[in-house]
Amino acid sequence: MRQPIRLGMLVVAAALTFGACSNSSTPTPAQAATPAPVATSAAGGPTAAPTSAATPVTYTGPKVSVTWFCCLGTGEDASQQAVEKQIVADFNSTHPNINLIFELTPYTGARDKLSTELASGNGPDIVGPVGVGGSEAFHGQWADLAPWITKYAYDLSEFDQSAIDFYKQGGEGQIGLPFAVYPSELYYQKAMFDEAGLNYPPSAYGQKYKMPDGSQVDWNYDTVRKVSMLLTIDKNGCDATQSCFDPKNIVQYGFEPQRDDLRGMGAYFGAGQLMGSDGKTAQIPADWSYGWKWIYNGIWTDHFIETNSVYQSTAFNGGGYTFNSGKVAMQENFMWNVCCITNAGRNWDLGALPANPNSGKVTATFNADTFRILKSSKKQEAAFVALTYLLGEGSQKLLNAYSGFPARKSLQAGFFTQLEQQTDPKTSKPVFPTKVNWQVAIDGIKYADVPNMETYMPAYNATLDRLQTSLTRWTATGGLNMDTEISSLLTDIQKIWDKAGS
Amino acid sequence: MTSLALRRAGQSGRGQSLRQREARWGYIFLSPWIVGFLAFTLIPMVATLIFSFTDIKLTSSQPVRFVGLQNWQALFADERVWSSLKVTLSFAALQLPIAVVVPFLMALLLSSKRLIAPGLFRVLFFMPYTVPFVASVVIWEQMENPTSGWIDQVLGFFGVTGPNWLNDPALIYPALVLLGLWGVGGAMVVYLGGLSGIPSELYEAARIDGAGWLRQLWHITVPMMSPVFLYTLVLGIVDVLQYFLVVEIINNGTGEPGGATQFYNLFIYKELWTYSDEGMASALAWLLFLITLAITMLVFFAARRWVYYAGER
């Protein structure tokens, strides 16, 4: 065999072998490919010029690269990515000593990816936007920002003290700064109410609701159930209160809960948390049990809430937020939902969330996002400078992209005006309907769930996994005894916590 | 030539024999695979074995401690391990025979002399195998959706109420097997290769002796194809014991419906990424390796009785 041919075959063999090394039959921890919310809106930036929201912080150290990891929360939508990349470009052009790198991982796989990076010692520097839940999944790994706040005399007067204290954790210091709040509100389709001859949901908290027979009733989940059944229509036009109703052929649903997290689904019926005051005993708040049963009956008995199969079907947005399919009359969701709501049409509005009929109390569970620095970061100072840019000069564009209500006081007044001015770059039409009742969303902050449903609990990820199992089971399987199911859930959570604590 | 002259004729000027030179080149050509095997298979396997005796956790900054057999004891005492093994083996009992037989039957059909445009059909049957795996699972998840999936819609057209494929514990395994049939193109191509290697004289002799199609199939085709069956079976066993990605995507890896999809490999994944217990996950992975090795060795041992290698007897 001639020498050149031998060498050539050696090169080919090397290429084939190293290429084949990546095709191991051993499965790799792949990210679950659950369809993300439909990216329907390319929300452009506000037409008004952004106001300077904070004094810029200047870094004078050696040139470094800082990695910004997204998305343990919102941020993966195509329209949001465009804004995030622009923010990075703007930052890099004004900060020659810091190269900010944007690293995107879709929400469904972000926790696993971040865990891998941290375990391998290649963790990013900044993580965000991240809410309470995402942060608690990495409890104890966030850097104390206090030294950098002091070094750079960072101005905190723009934030409410309570908002600053929200991110101060005992023993860990100031592990975040306020950025965005996403209150909950009730989204509803006006045309569906008009067609059913129903009055719209109350536009403010404390108002009564007028039923078709003229009676004024409390706006609570009992009323929502009745209204939702009237708004749930099958393919023959029968609603869920009529004997001709066919639950196997529903074309329009009356109500959709926020079904990302079983805790949140319960928290809309009353604030609470799974962890008892001793930090190791599991509990199910009574309001959550009530709420879970209400939802379960709504799916399998009264049929005004989608089953899991329907929720996953392409006809109802394929696993994304189903109000955005335009086939659901009402949905409770967080403010960030407006990022991707274009397919819901332009005839929706916001209303007050219903109260728990047992307590008479309204709970508008909320999310709060910020950007945090990892304790493992070796470039915390530079990361802090980048963080202040995201919270300051870049915050307005980001808040518009994430539909987050600003924690910074100077940005609050004009926030919704700027939101309404956003146009779809493809059609040049406004993204949102005119005169949306944003005030009810702001008012909802008063009814925020305290304690927040995402607060710390032992064995956080394992408990979430167990909760997800129940959520999938309850939305996919009829005929269950919910008392038994909830009792089993509690027992399993306690076992998980006992194992984690041993 | 004398033996000494012959020996000298085979030696290079540097004193190496032809055999040594060829062996050296052989090792050089093998070296990429050896390096890859060491770097991406053997060393990680050894590392995993060591991890299984420690309390290493992904998200902990605490120093790693040697804990002896603690993880292994916890493994054998954990009922979830055995229930997930039971799920895996139950599914394997249904999926393996289909994964071995169906591609063979398709290869038989495609190698029929009566088939018009066999090349076209081979391409059509192989094409789904080229679709990226995750994309195909997502597609099938929608196809089997009882609300909008076309399988149930076609059944509805004939007046049959389509089942809830992915949420009924009685139907989830058939649904997964149906999904798996999407990828039979790969095994089918291997069988086609095997079929083309069977000497035609055997069939001619059988026809002369009066053997019909079925007897030819049973007495010629199947024995001659037995090494290919063994290959497919062994790969099928390894694949099914590592079954994971499909159920991670469908039903979000929750093991629903009713725990029927809580496969062993899914359990390893959760132990590693959800519970962040790398030590335990390593022990689980090694247990899977030992089980797979034991089953494979059993199959190879049994193969001596039913696999026919032409030329060895």
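These numbers come from a predicted model, not from an experiment.

Chemist: How should the overall build of chain B be read in this particular structure?
Modeler: If you tally the helices and strands in chain B, you get 14 helices and 0 strands. Listing each helix as α and each strand as β along chain B from the N terminus yields α-α-α-α-α-α-α-α-α-α-α-α-α-α. The C-alpha radius of gyration computed for chain B amounts to 26 Å, which surpasses the reference 20 Å derived for 313 residues by more than 25%, pointing to a less compact arrangement than a globule. Counting every position in chain B, which comprises 313 residues, the buried fraction comes to 28%. In chain B, the proportion of contacts linking residues at least 24 apart, taken out of those at least 6 apart, comes to 66%.

Chemist: Help me understand the overall build of chain A in this model?
Modeler: Secondary structure summary: chain A contains 18 helices and 15 strands in total. With 502 residues in all, chain A has 48% of them scored as buried. When contacts within chain A are restricted to residue pairs at least 6 apart in sequence, those whose partners lie at least 24 apart make up 75%.

Chemist: Before we go on, may I ask you to explain the domain arrangement of chain A in this structure?
Modeler: Note on interface size: it is often stated as the accessible area lost on association of the parts. All names here are of chain A. Partitioning chain A into domains gives domain 1 (64-181 + 367-422) and domain 2 (184-365 + 454-501). Each of domain 1 and domain 2 has a C-alpha centre, and these two points are 30 Å apart. For the side of domain 1 that touches domain 2, the residue count by class is 4 nonpolar, 8 polar and 3 charged.

Chemist: How should unusual backbone geometry be read in this particular structure?
Modeler: In terms of backbone geometry, most residues other than glycine have negative phi values and most peptide bonds are trans. Looking along the chain, the bond that leaves A:Gly128 and enters A:Pro129 is cis, with omega of 0 degrees. Structurally, A:Pro129 can be placed in strand β3 (residues 126-130). Cis geometry is found at the peptide bond from B:Glu256 to B:Pro257, where omega equals 5 degrees. In the Ramachandran plot, A:Ala153 falls in the positive-phi region, its phi being about 50 degrees despite a non-glycine side chain.

Chemist: In this structure, what is going on with the sheet that holds β3(A)? I would like to understand it.
Modeler: Hydrogen bonds along the backbone pair up the strands of a sheet, which may run parallel or antiparallel. Residues and elements named next belong to chain A. With mixed pairing, 6 strands are arranged side by side in an open sheet as β2-β1-β3-β14-β6-β15. The open sheet has two edge strands, β2 (98-104) and β15 (405-406), and neither has a second partner. Bridge analysis of β3 against strand β14 (residues 367-373) gives 3 bridges, and the strand direction is antiparallel. When the sheet's bridge partners are listed, Val127 is paired in β14 with Arg372. Together, β1 (64-70), β2, β3 and β14 form the strand contacts of helix α12 (residues 380-391), whose direction differs from that of β14 by roughly 150 degrees.

Chemist: When you look at the nonpolar core in this model, what are you seeing that I'm missing?
Modeler: In a soluble, globular protein the nonpolar side chains are often hidden away together inside. Residues and elements named next belong to chain A. Counting residues in hydrophobic clusters, the biggest one holds 125 residues, and the most contacted among them are Ile126, Ala180, Ala329, Ile373, Ala386 and Leu387. Tallying contributions element by element places α12 first for this core, with 9 residues. Residue contributions to this core reach at least three from each of two domains, namely domain 1 (64-181 + 367-422) and domain 2 (184-365 + 454-501). Discounting residues that sit within four places of it in the chain, Ile126 has contacts with Val66, Trp68, Phe69, Phe371, Ile373, Ala383, Ala386 and Leu387.

Chemist: Please explain the packing of helix α13 (residues 264-273) of chain B against helix α14 (residues 278-306) of chain B as it appears in this structure.
Modeler: Two quantities define a packed helix pair, namely the angle between the axes and the distance from one axis to the other. Residues and elements named next belong to chain B. Viewed as axis vectors pointing N to C, α13 and α14 meet at an angle of 160 degrees, and their least axial separation amounts to 8 Å. Classed by the angle they form, the pair α13 and α14 counts as roughly antiparallel. In this structure, α13 crosses over α14, and the sense of that crossing is left-handed. Seen from α13, the contacting residues are Tyr264, Phe267, Ile268, Glu271 and Leu272; seen from α14, they are Glu278, Met280, Ala281, Leu284, Ala285 and Leu288.

Chemist: Explain helix α4 (residues 79-110) of chain B to me, please; I cannot follow it from the model alone.
Modeler: Side chains that are three or four residues apart share a direction in an α-helix, a result of its 3.6 residues per turn. Residues and elements named next belong to chain B. The terminal C-alpha atoms of α4 lie 46 Å apart, and with 32 residues this matches the ideal 46 Å at 1.5 Å per residue to within 8%. Along its length, α4 shows its largest kink, about 35 degrees, at Ala93, and proline Pro97 lies within four residues downstream of that point. Listed as buried for α4 are Val81, Ser84, Val87, Thr88, Phe91, Gln95, Ala99, Pro103, Phe104, Met106, Ala107 and Leu110.

Chemist: Just to check I follow, could you spell out the pairing of strand β7 (residues 184-189) of chain A for this structure?
Modeler: Working note: regular strand, side chains alternate between the two faces of the sheet. By the criterion of burial, β7(A) is predominantly enclosed, with 6 of the 6 residues buried. The alternating pattern of β7(A) places A:Ser184, A:Leu186 and A:Tyr188 and A:Glu185, A:Tyr187 and A:Gln189 on opposite faces, both of which are buried.

Chemist: How should the sheet that holds β7(A) be read in this particular structure?
Modeler: Residues and elements named next belong to chain A. Reading across from one edge, β12-β7-β13 is the order of the 3 strands in this open sheet, with antiparallel pairing throughout. On the outer flanks of this sheet lie β12 (330-334) and β13 (348-351), each paired with one strand and no other. Averaged over neighbouring strand pairs, the angle between their axes works out to 35 degrees when direction is ignored. As defined by bridge partners, β7 adjoins β12 across 5 bridges and the pair is classed as antiparallel. Across the sheet, the residue bridging to Ser184 is Phe334, located in β12.

Chemist: Just checking my understanding: could you explain the environment of A:Ile373 for this structure?
Modeler: Relative to the helices and strands, A:Ile373 is located in strand β14. Residue A:Ile373 is classed as buried on the basis of its C-beta count, with 27 C-beta atoms lying within 10 Å.

Chemist: Honestly, the domain arrangement of chain B in this entry has me stumped. Any pointers?
Modeler: Considered domain by domain, chain B is made up of domain 1 (3-51) and domain 2 (70-306). If you average the C-alpha positions of domain 1 of chain B and of domain 2 of chain B, the two centres end up 37 Å apart.

Chemist: Would you mind showing me how to read α13(B) here?
Modeler: Counted residue by residue, α13(B) has 10 buried out of 10 residues, so it is predominantly covered. Considered for burial, the residues of α13(B) that qualify are B:Tyr264, B:Asn265, B:Leu266, B:Phe267, B:Ile268, B:Tyr269, B:Lys270, B:Glu271, B:Leu272 and B:Trp273. Those residues of α13(B) hidden inside the fold are in contact with α3 (107-119) and α17 (460-476) of chain A together with α4, α12 (245-249) and α14 of chain B.

Chemist: It is not clear to me how the environment of B:Leu58 should be interpreted in this structure. Could you clarify?
Modeler: Within the secondary structure, B:Leu58 is located in the loop between α2 (18-51) and α3 (70-77). When the 17 C-beta atoms within 10 Å are taken as the criterion, B:Leu58 is described as partly exposed. Linking B:Leu58 and B:Gly279, residues 221 residues apart in sequence, is a C-alpha distance of 9.3 Å. Discounting residues that sit within four places of it in the chain, B:Leu58 has contacts with A:Ser115, A:Ala119, B:Ser276 and B:Glu278.

Procedures and definitions
Residues numbered from 1 in each chain as written. Chains lettered and ligands numbered in written order. Predicted model: local features only at pLDDT ≥ 70, side-chain atom pairs only at ≥ 80, totals over all residues. Helix = DSSP H or I, 4+ residues; strand = E, 2+ residues; numbered from the N terminus. Rg over C-alpha atoms; globule rule 2.2 N^0.38 Å. Buried ≥ 20, exposed ≤ 12 C-beta atoms within 10 Å, placed from the backbone. Contact = placed C-beta atoms within 7 Å. Domains from an automatic or database assignment. Nonpolar A, V, L, I, M, F, W, Y, C, P; charged D, E, K, R; others polar. Pairing = 2+ DSSP bridges. Axes fitted to C-alpha atoms, helices over the stretch in contact; angles between N-to-C directions. Core = buried A, V, L, I, M, F, W, Y, C linked by C-beta atoms within 7 Å. Parallel < 35°, antiparallel > 145°, perpendicular 65-115°, else oblique. Left-handed = near helix turned anticlockwise from the far one by under 90°. Expected span 1.5 Å × (residues − 1). Bend = angle between axes of the 7 residues up to and from the residue.

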